[in-house]
Amino acid sequence: GGGRRKQAKGGQAFMPWHSLAAAAVHDTQQPLFAVAASMLDLPGGGARVSGVTLLEPGCEWLAKALLAFGLDCAHLEPDLTDAEVEAAADFDETCQGLGDNLSCSRAALAELMALFQVAQSQCFEPS
């Protein structure tokens, strides 16, 4: 026992009542999205989830992430500027150009940071 139900697309997600994500979710006017590190589908359309990370409230952050990897986000009806949509498409093209190269691309990282408005000072240098 001790789980809290959260409405998920196509069903409900179950997470421990004492989890940060469960405690952080409260009435909000904006949609709230999350990603889970693991998920177990349950009969009846629900899911048991763990390792939940809440995204910024609203659908714009998720829409940018989907567009940045060439996925459709029209169902979210995001309020993105033309420049944001173009920047996400540019990042997707950059990633396509990397092919199977698994090394870090500083240029791609800089594009991604600009898309999500992350300052260089908020990141750390890998050792």
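Note that the structure is predicted; figures quoted are calculated from it, not measured. (Residues numbered from 1 in each chain as written. Predicted model: local features only at pLDDT ≥ 70, side-chain atom pairs only at ≥ 80, totals over all residues. Heavy atoms only, no water.)

## Thoughts on the pairing of strand 3 (residues 34-41)
Rules: Only protein chains enter the accessibility calculation, which uses a 1.4 Å probe. A residue is then buried if its area is under 20% of the maximum for its type, exposed if over 50%, and partly exposed in between. Helix and strand definitions follow DSSP, with helices as H or I runs of at least four residues and strands as E runs of at least two, each counted in order from the N terminus. Only strands that DSSP links by at least two bridges are regarded as paired with each other.
In terms of residue burial, strand 3 counts as a barely covered element, since only 0 of its 8 residues are buried. Two strands pair when backbone bridges link them, and strand 3 and strand 4 (residues 47-54) are joined in this way by 7 bridges, in the antiparallel orientation. The partner of Ala34 across the bridge, within strand 4, is Leu54. Between strand 3 and strand 4, which pair antiparallel and follow one another directly, the connecting turn spans 5 residues, one of which, Gly44, has a positive phi of 90 degrees.

## What to know about the environment of Glu60
To be explicit about the condition: Contacts: residue pairs with any heavy atoms within 4.5 Å of one another. N or O atoms within 3.5 Å of each other form a polar contact, as long as, within protein, one can give a hydrogen and the other can take it, and as long as residues adjacent in sequence are counted only when both atoms are side-chain atoms.
Structurally, the position occupied by Glu60 is in helix 2 (residues 60-68). Excluding anything up to four places from it in sequence, Glu60 contacts Pro78, Asp79 and Leu80. Of note is the side chain of Glu60, whose polar atom sits 2.9 Å from the backbone nitrogen of Asp79.

## Some words on the state of the cysteines
Rules: Cysteine sulfur pairs qualify as disulfides if the two atoms are within 2.5 Å.
Under the counting rule described, the total for this entry stands at 0 disulfides. Counting only cysteine sulfurs, Cys59 is the nearest neighbor of Cys73, a cysteine outside any disulfide, at a range of 8.1 Å. Owing to a relative accessible area of 6%, Cys73 belongs among the buried residues under this scheme.

## Regarding unusual backbone geometry
Not every positive phi belongs to a glycine, and Glu77 is a case in point at roughly 50 degrees. As for its position among the elements, Glu77 is in the loop between helix 2 and helix 3 (82-98). By relative accessible area, which is 67% here, Glu77 ends up exposed. Of note in this structure, Gln117 is not a glycine but carries a positive phi near 55 degrees. When you line up the elements, Gln117 lands in the segment after helix 4 (106-115). When its relative accessible area of 64% is taken as the criterion, Gln117 is described as exposed.

## Looking at the pattern of salt bridges
Basically, it comes down to this: By definition here, a salt bridge exists when the distance from a side-chain nitrogen of Lys or Arg to a carboxyl oxygen of Asp or Glu is within 4 Å.
On inspection of all chains with the given rule, the structure shows 1 salt bridge. Across the salt bridge formed by Lys64 and Glu84, the nearest N and O atoms sit 3.2 Å from each other. In this pair, Lys64 sits in helix 2 while Glu84 sits in helix 3, placing the two residues 20 residues apart along the sequence.

## Quick look at the side chain of Glu84
We classify Glu84 as buried; its relative accessible area is 18%. Among residues more than four places away in sequence, those in contact with Glu84 are Lys64, Asp79, Leu115 and Gln117.

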